[in-house]
Structure formats: structure tokens, C-alpha cells
Amino acid sequence: MTTPPGDQGRPDSAKGVTSDLASRIASAKRERIQEDNRASREASPEMSGMARGLRIGTEFISAVLVGAGIGYLIDLGLGTSPWGLLILLLMGFAAGILNVIRVVAEMNAASPAPPGSDLGPDADDEERNV
């Protein structure tokens, strides 16, 4: 029986411990890979409710802050205080609302309604009422 080059000077008990350790490491790696695969299969591709709320809030607040910041800088440069701040703050508010509408429409398109849910009246319902 030939021994591997790294094991030639070791006693038999050390070889057993080394091979046992290597097999335990390999087993732990396999378990970890299986656990990661199971977790990725169970995770939904959609955002959670908290993530949706944070994204919507961030979109709105950032638009308002950018508008106010630009308005403040215009007021500093032109000396038109407080009109630049007020006008661009309102424009930032409008931009924030448009951003929220865009994000919500995008999220609704990404996650269709569950089967069997009532989506409101359709063309068949309108014909029955006439």
C-alpha cells in the first residue's frame, strides 16, 4: 500500500484524525450548500411589504428634498427668498407624487392579482347591466 506524500511521516492515529476532519468539513460544506439552495427556493422574488413601503417613502421624500434644496440654492444665488424655495418645494411635492404613482404601478404590474380575486366589473358585467 502506498501512502500519499504528505502522510509518510505521520503515525496512523494522525492520519485517521486528518481524514475524519476532512470528511466532516466536506459534510458541513454539502449541508451548507443544500441549506442555501433551500432558502433561495423558498424566498419569494417579490418585495416584502416593508421593502415596498420604504421604497415608496424614499421616492417621495427624496423628490421633496431635492426640490427644496434646489429652491434654497436659487434663493441664495438670486436673493429671491422665499419664492424659489416655495415654488420648487411644491414642484418637488408634485414630482414625489408622480414617482409614487409610477412605482406603485410598476409594483402592481410585477405582481398580478391572485387567481379568483375580484378585479371589478369587466365588459361582460357592463353588458348585463344595460
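Please refer to the structure higher up on the page.
This is a predicted model, so every value here is computed, not measured. (Residues numbered from 1 in each chain as written. Predicted model: local features only at pLDDT ≥ 70, side-chain atom pairs only at ≥ 80, totals over all residues. Heavy atoms only, no water.)

Caption draft 1: Looking closely at the side chain of Glu-59. Along the chain, Glu-59 falls in helix H2 (residues 49–78). Classification of Glu-59 as buried rests on a relative accessible area of 19%. Polar side-chain contacts of Glu-59 include one of 3.4 Å to the side chain of Arg-102. (Helix = DSSP H or I, 4+ residues; strand = E, 2+ residues; numbered from the N terminus. Buried < 20%, exposed > 50% of the residue type's maximum accessible area, 1.4 Å probe, protein only. Polar contact = N/O pair within 3.5 Å; in protein donor to acceptor, adjacent residues only side chain to side chain.)

Caption draft 2: A look at helix H3 (residues 83–110). Look at H3: 40 Å from first C-alpha to last across 28 residues, which is about the 40 Å you get at 1.5 Å a residue. By the burial criterion, the buried members of H3 are Gly-84, Leu-88, Gly-92, Gly-96, Val-103 and Met-107. Turning to H3, the residues buried within the fold contact H2. (Expected span 1.5 Å × (residues − 1). Contact = heavy atoms within 4.5 Å.)

Caption draft 3: Structural context of unusual backbone geometry. Here the bond from Ser-81 into Pro-82 is cis, since omega is -5 degrees, no more than 30 degrees from zero. On the secondary structure map, Pro-82 appears in the loop between H2 and H3.

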